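Geometric and topological summary
Here are the chains, one letter per residue:
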Amino acid sequence: MLTYLALGDSYTIGELVPKEENFPHQLVQLLHKEKTEVTEPVIIAVTGWTTDELAASIREHALHETFSFVTLLIGVNNQYRGRDLDNYKKEFTELLNQAIVFANGHTQHVFVLSIPDWGVTPFAEGRDRAQIAKEIDAYNAANKNITLAHKCHYLDITDSTRKNGTNPEFLAEDGLHPSGKEYGVWAERLAPMVAKALNP
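Here's a quick rundown of the structure. (Residues numbered from 1 in each chain as written. Predicted model: local features only at pLDDT ≥ 70, side-chain atom pairs only at ≥ 80, totals over all residues. Heavy atoms only, no water.)

In this section: the overall build of the protein. The number of helices and strands found in the protein is eight helices and five strands. Considering only C-alpha atoms, the protein reaches an extent of 50 × 35 × 30 Å along its principal axes. In the protein, of all internal contacts separated by at least 6 residues, the share reaching a separation of at least 24 is 75%. Counting every atom, the protein has about 9,100 Å² of accessible surface; 53% of that belongs to carbon and sulfur. Charge separation in the protein, taken as the distance between the mean sites of 18 positive and 27 negative side-chain charges, equals 5 Å. (Helix = DSSP H or I, 4+ residues; strand = E, 2+ residues; numbered from the N terminus. Contact = heavy atoms within 4.5 Å. Areas by Shrake-Rupley, 256 points an atom, 1.4 Å probe, with all protein chains shown as cover. Lys, Arg positive; Asp, Glu negative; His and termini not counted. Charge placed at Lys NZ, Arg CZ, Asp CG, Glu CD.)

Moving on to helix 2 (residues 23–33). Every buried residue of helix 2 is listed here: Phe 23, Pro 24, His 25, Gln 26, Leu 27, Val 28 and Leu 31. For helix 2, the elements touching its buried residues are strand 1 (4–8), helix 1 (10–13), strand 2 (42–45), strand 3 (69–72), strand 4 (110–113) and helix 8 (180–198). Positive phi shows up at Lys 35, right after helix 2, with a value of about 65°. (Buried < 20%, exposed > 50% of the residue type's maximum accessible area, 1.4 Å probe, protein only.)

What follows deals with the packing of aromatic side chains. Per the counting criterion, the structure on display carries 10 aromatic pairs. The interplanar angle of 50° and the centroid separation of 5.9 Å between the aromatic rings of Phe 23 and Trp 186 together place this pair among those described as tilted. Placement of Phe 23 in helix 2 and of Trp 186 in helix 8 is noted, with a sequence separation of 163 residues between them. Judged by relative accessible area, Phe 23 falls into the buried class, the value being 0%. When the centroid spacing of 6.2 Å and the interplanar angle of 65° are considered together, the rings of Trp 118 and Phe 123 count as edge-to-face. Residue classification places Phe 123 among the partly exposed positions, given a relative accessible area of 33%. Among the aromatic residues, ring-to-ring pairing joins Tyr 11, Phe 23, Tyr 183 and Trp 186 into one connected group. (Phe/Tyr/Trp six-rings, centres within 6.5 Å; stacked < 30°, edge-to-face > 60°.)

Below, the discussion takes up helix 3 (residues 51–61). Each full turn of the α-helix corresponds to 3.6 residues, which orients residues three or four apart in the same direction. Of all the residues in helix 3, the buried ones are Thr 51, Leu 54, Ser 57 and Ile 58. Viewed end-on, helix 3 has its buried residues packed into an arc of 125°, placing them on one side of the element. Away from its buried face by more than 90 degrees, helix 3 exposes Arg 59 and Glu 60. Of the surrounding secondary structure, the elements contacted by the buried residues of helix 3 are strand 1, strand 2, strand 3, helix 4 (76–80) and helix 5 (85–102). Among the residues trailing helix 3, Ala 62 stands out with phi positive, at a value near 50°. (Arc of directions from axis to C-beta.)

Time to look at the packing of helix 2 against helix 8. Orientation of helix 2 relative to helix 8, taken along the N-to-C sense of each, is 50°, at an axis distance of 8 Å. Viewed along their axes, helix 2 and helix 8 adopt a mutual orientation that is oblique. The element helix 2 and its partner helix 8 pack so that their crossing is right-handed. Between helix 2, through Phe 23, Gln 26, Leu 27, Leu 30 and Leu 31, and helix 8, the contact on the second element is made entirely by Gly 180, Tyr 183, Gly 184, Trp 186, Ala 187, Glu 188, Leu 190, Ala 191, Val 194 and Ala 195. (Axes fitted to C-alpha atoms, helices over the stretch in contact; angles between N-to-C directions. Parallel < 35°, antiparallel > 145°, perpendicular 65-115°, else oblique. Left-handed = near helix turned anticlockwise from the far one by under 90°.)

Our focus in this paragraph is unusual backbone geometry. Notably, Lys 35 is not glycine yet its phi reads approximately 65°, a positive angle. Along the chain, the position of Lys 35 falls in the loop between helix 2 and strand 2. You can call Lys 35 exposed: its relative accessible area is 70%.

Put into C-alpha cells, the structure is as follows:
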C-alpha cells in the first residue's frame, strides 16, 4: 500500500466540507479506481495557516517516517495577510525541501498545487479583486519556479477556481472556500500525474 502526506491550509483540509470531499481524500479514491492502492491520507493542514505556521506544526508533529508521495498547497494566507513575497519564497522553499525529505528524497513524488484565487468569490465583495489576482499570480509564479527548479511536479488549479469561483455549486457555505465539487476538479487533474509518477 502506498502512503500519502498532504501539507497545507484550509484548501487541503477542506474547510466546511466533509473530510471525504477534500481533495486528498478524493485523490485517494480516484487512485483506488485506477488500481493504485493508497492508505488514508495523513493531513497536516489547518485553516488560516501561513508558511511559517505550517513549518512550525511539521516540527511539532516530529514526523520521522517517509511517504510514497506528498502534496503541498500553501501561501494564500501569506497573501491575505499582506506578507512579503520574498519571505514567502524563502519559507516555501524550506517547506518544499521538507516535502522532498518526506518523499524519501524522490522529487518526482512531490506535487505542488497552485494557490486558488479567492478574489473572485462572493467573500471578496468590496475588495480590490484585480489587486488580489495580481498578488496571487505573483505568488504562483514564485512557487512554480521554485517547484520546477527542484524537479517536483506542479499543478495549476487557479484557472479552475477563477472559472468556478462565482458558481455556488463550486463553493462552500461561506462563499469563500471550495465545495467538494471544486476539490473534485483538482483531484481529477492530480490523479493521473500521481499515478504516472508512482507507476512509471
